[in-house]
Amino acid sequence: MPQRRLAAASRIASGVSNCRTNPLFYSPSVPLHNASARQSSVRPAAVGKQSFWWPCAVGLLVLGMASAGAGETLWLDELHTSWTVAGTWDQIPERAAAGNQSSGYFYLLWPLVSTLGHSEWVFRLLSLLSLALCAGLIHWRLSSLENGRPLMAAACVLAFVSVERIQLFYATEARVYGLCQWLGLLAWVLVFQATRAKPVGNTHRSLAAWCALSVLATYLHIVALIPLACQAAWLACRAAKCSRREMASRLAWLLGCLVAVLPACWLAQPVWQRRAQWSSFAGDASIDALVHLFPILPWLIPALSVFAVHEFVFWWRSGKLQIEQSVAAESSTLATQTIGWWWAALAPLGIVWCVTAWDIAPMMHRRYVLGAALPLVMAASLLVLQLKDRRLQVLVLLVTFGWLTASQGTLQRWSQGRFIGWQRGEGWKSAAAWVSQRIGSDDRLWCASGLIEARGLTLPLDKQQEAYLSLPLRSVYAVERGGPPERVEPNAIFGDSQLWLERLLEEPDRRHWLVYRGTAQQLQGRLQRLSKAAAMRGPRVDEDTPAVRFTAPVEFGRVSVTSVRIE
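Computed from a prediction, not measured in an experiment: that's the story for all the values here. (Residues numbered from 1 in each chain as written. Predicted model: local features only at pLDDT ≥ 70, side-chain atom pairs only at ≥ 80, totals over all residues. Heavy atoms only, no water.)

Turning our attention to the packing of aromatic side chains. Tallied over the entire structure, the rule returns 16 aromatic pairs. An angle of 55° between the planes, with centres 6.0 Å apart, marks the rings of Trp434 and Phe556 as tilted. Of this pair, Trp434 sits in helix 23 (residues 428–436) while Phe556 is found in strand 7 (residues 554–556), placing the two residues 122 residues apart along the sequence. Residue Phe556 is classed as buried on the basis of its relative accessible area of 16%. Through pairs of rings, three or more aromatic residues link up here, namely Trp75, Phe169, Tyr170 and Tyr177. The ring centre of Phe281 lies 4.8 Å from the NZ or CZ of Arg367, which sits over that ring. (Phe/Tyr/Trp six-rings, centres within 6.5 Å; stacked < 30°, edge-to-face > 60°. Helix = DSSP H or I, 4+ residues; strand = E, 2+ residues; numbered from the N terminus. Buried < 20%, exposed > 50% of the residue type's maximum accessible area, 1.4 Å probe, protein only. Lys NZ or Arg CZ within 6 Å of the ring centre and 35° of its normal.)

Here it is, written out as structure tokens:
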């Protein structure tokens, strides 16, 4: 009996000692019973059970919310993806290069599409899974860094990601950027895990996995070099604080990774040489453009403001900053990783801004720094979770949620009854179906896709240019005539009104169906300019002045259709 009492007393003393030395449960300036009350909702014994199921639940919930709009009609860039994988395996490099893309992503998507079929869901499946994995990974990291709090960590992920329009856009886009975002986020986690003061697991395994992910992401798209450069800088700085042996090991891994991505840089030369085309969609090097790359203000302003006030009040009452309360290893790890996530979020933005400001390349577009978006979410979430008052945490999340829905037009869309599938609005599918019901056997089909690669081209076009510029009507949304299904071969129309007229005059006295990327009003203006160009052409020898007859354009979102006859 005395031995049992002695063992029980020893366990109690050990528990009190652990509470006193753990900065998450106790601080010298706060009485022990108060620290226990503030952390009463955290039970370390349950963290192990929650570490797997909570991230899975959060990831599945985000997947379900994003999947609501996954059946929306593909837009122009996604149609390039569908056209690339619609060909044979040998055609992938040529078709990917035509759209200024690397072929690695299409090699991953091609077997999936060949197996499951050509549909919007299949094309977007990799991006949907990537966002779900990102949400689960963020929740796992938040829960582990904050020693629990799975419910509040889940609330942070859902508030920052679930209604954020940019994240939902890339999660439902049949492009490489969502997958690159997932690989970049996982690479950051591995970097932080390998550079902790007391690393968890094998450091060499973490660095090897980081190298593999970085090389894969770079071969998928060259923009992965931006987060890779920031990760390399972090590794080099952290290696300076290690022993010589450990420093040499980390620098060796870093050098090996950089050497492995050099071939990807060489392969991406054609993409880089076309960087002048990026100015058509990239912003300028201004502070306003930098801030609006992502919803930085809704993410950070509420969290930073409340956190600053919270720390000031605590300092006013206790006479010292809360961050000075503990010097334990776990607290140091949390502070270091918080700084790391801020670096992961802000350093890529700084690189892109400098590259644009120095006229190296116009890169002020969110697709080039998409990997910085979720580190911003991590930084803001860590600020929220470090607030000790649960009511303040809920307040920050509500303000962020409301700010995101109001600033991104979500509330207006909801009031119109457009809850899902309202991100793009290019009705290529409906337009192709409408033309299929009306096109005749002698009619001609034209596609005015508005692709930037058409700038500077002149007639005649070669076969590859013709196919690329008319790709929206060549793969999943092809036009078919009635009766026995017969696929109609589209032709590309581009440039100014004079080039339009020359293309239509190739076969006059026929009805031409014109599918145009733009509104009905914009198409009406183009047709009027076409009529003026025909009138100014003047009569040729033994020919009359051509007259342009067209019907009122029919609008399908941002895609319009009309029929034209040159007489």
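Additional details are given in the paragraphs that follow.
Right, let's get into the pattern of salt bridges. The final tally for this structure, using the stated rule, is 17 salt bridges. Note that Asp77 and Arg367 form a salt bridge whose closest N and O atoms lie 3.4 Å from each other. Remark: Arg367 occurs in the loop between helix 19 (329–357) and helix 20 (373–385) and Asp77 occurs in helix 4 (residues 76–86); sequence separation between them is 290 residues. For the pair formed by Asp77 and Arg367, the shared burial category is buried. Residues Asp443 and Arg511 are paired through a salt bridge, measuring 2.8 Å at the closest nitrogen-oxygen approach. With Asp443 in the loop between helix 23 and strand 1 (444–448) and Arg511 in strand 5 (residues 511–517), the pair connects residues that are 68 residues apart, well separated along the chain. (Salt bridge = Lys/Arg side-chain N within 4 Å of Asp/Glu carboxyl O.)

Let us look at helix 11 (residues 177–194). Helical periodicity: at 3.6 residues per turn, an α-helix aligns residues three or four positions apart in one direction. For helix 11, with 18 residues, the first-to-last C-alpha span of 26 Å sits near the 26 Å given by 1.5 Å per residue. Within helix 11, 17 of the 18 residues are buried, which leaves it mostly tucked inside the rest of the structure. (Expected span 1.5 Å × (residues − 1).)

What follows concerns the confidence of the model for the protein. Residue-level pLDDT values for the protein average 82, and 84% of them are 70 or greater. Note that residues 1–9 has pLDDT below 50 and, in this model, zero contacts with residues that lie over four places away or in other chains. Every residue in residues 11–49 is under pLDDT 50, and counting partners more than four places away or in other chains gives 39 contacts. (pLDDT = per-residue confidence, 0-100. Contact = heavy atoms within 4.5 Å.)

This part is about unusual backbone geometry. A negative phi angle is the norm for most residues apart from glycine, just as the trans form is the norm for most peptide bonds. The omega torsion of the bond from Leu459 to Pro460 falls at 0°, within 30 degrees of zero and hence cis. Locating Pro460 in the fold gives a position in the loop between strand 1 and helix 24 (463–469).

Let us now look at a nonpolar patch on the surface. Taken together, the side chains of Leu297, Ile301, Leu395, Val399 and Trp403 define a hydrophobic patch exposed on the protein surface, amounting to about 390 Å² of accessible area. If one sorts the elements of the nonpolar patch by residue count, helix 21 (residues 390–407) sits on top with three residues. With a relative accessible area of 37%, Val399 lands in the partly exposed category. (Patch = residues over 30% accessible without salt bridge, like charges linked within 9 Å, V, L, I, M, F, W, Y side chains within 5 Å. Areas by Shrake-Rupley, 256 points an atom, 1.4 Å probe, with all protein chains shown as cover.)

We now examine the environment of Ser531. When you line up the elements, Ser531 lands in helix 26 (residues 520–537). On a C-alpha basis, the gap between Ser531 and Arg549 in space is 8.2 Å, while along the polypeptide they are 18 residues apart. Those residues in contact with Ser531, other than ones at most four positions away along the chain, are Val548 and Phe550.

On to the nonpolar core, then. Formed by 141 residues in total, the largest nonpolar core has its most connected members in Trp210, Phe294 and Trp341. With sequence-adjacent residues up to four places away left out, Phe294 is seen in contact with Ile166, Trp299, Leu349, Arg366, Val369, Leu370, Ala372 and Ala373. (Core = buried A, V, L, I, M, F, W, Y, C linked by side-chain atoms within 4.5 Å.)

Examined against the element boundaries, Ser119 turns out to sit in the loop between helix 6 (104–116) and helix 7 (120–123). The exposure class of Ser119 is partly exposed, given its relative accessible area of 24%. Put simply, Ser119 and Leu74 are 45 residues apart on the chain and 9.4 Å apart in space, counted from C-alpha to C-alpha.

The description of two packed helices rests on the angle between their axes and on the distance between the axes. Look at helix 12 (residues 203–220) against helix 14 (residues 244–260): their axes get within 9 Å of each other, and the N-to-C directions meet at 15°. Judged on the interaxial angle alone, helix 14 and helix 12 are roughly parallel. Remark: the crossing between helix 12 and helix 14 carries right-handed chirality. Contacts from Thr203, His204, Leu207, Ala208, Trp210, Cys211, Ser214, Val215 and Tyr219 in helix 12 reach Glu246, Ser249, Arg250, Trp253, Leu254, Cys257 and Ala260 in helix 14. Of the residues contributing to the contact of helix 12 with helix 14, the split by class is 10 nonpolar, four polar and two charged. (Axes fitted to C-alpha atoms, helices over the stretch in contact; angles between N-to-C directions. Parallel < 35°, antiparallel > 145°, perpendicular 65-115°, else oblique. Left-handed = near helix turned anticlockwise from the far one by under 90°. Nonpolar A, V, L, I, M, F, W, Y, C, P; charged D, E, K, R; others polar.)

Looking now at the packing of helix 8 (residues 125–145) against helix 9 (residues 150–162). In contact at an axis separation of 9 Å, helix 8 and helix 9 are set at 140° when each is read in the N-to-C sense. Between helix 8 and helix 9, the angle falls in the class oblique. When the axes of helix 8 and helix 9 are compared, the crossing they make is right-handed. Each of Leu131, Ala135, Ile138, His139, Leu142 and Ser143 in helix 8 lies in contact with helix 9, whose residues at this interface are Pro150, Ala153, Ala154, Cys156, Val157 and Val161. Residue composition of the contact of helix 8 with helix 9, by class: 10 nonpolar, two polar and no charged.

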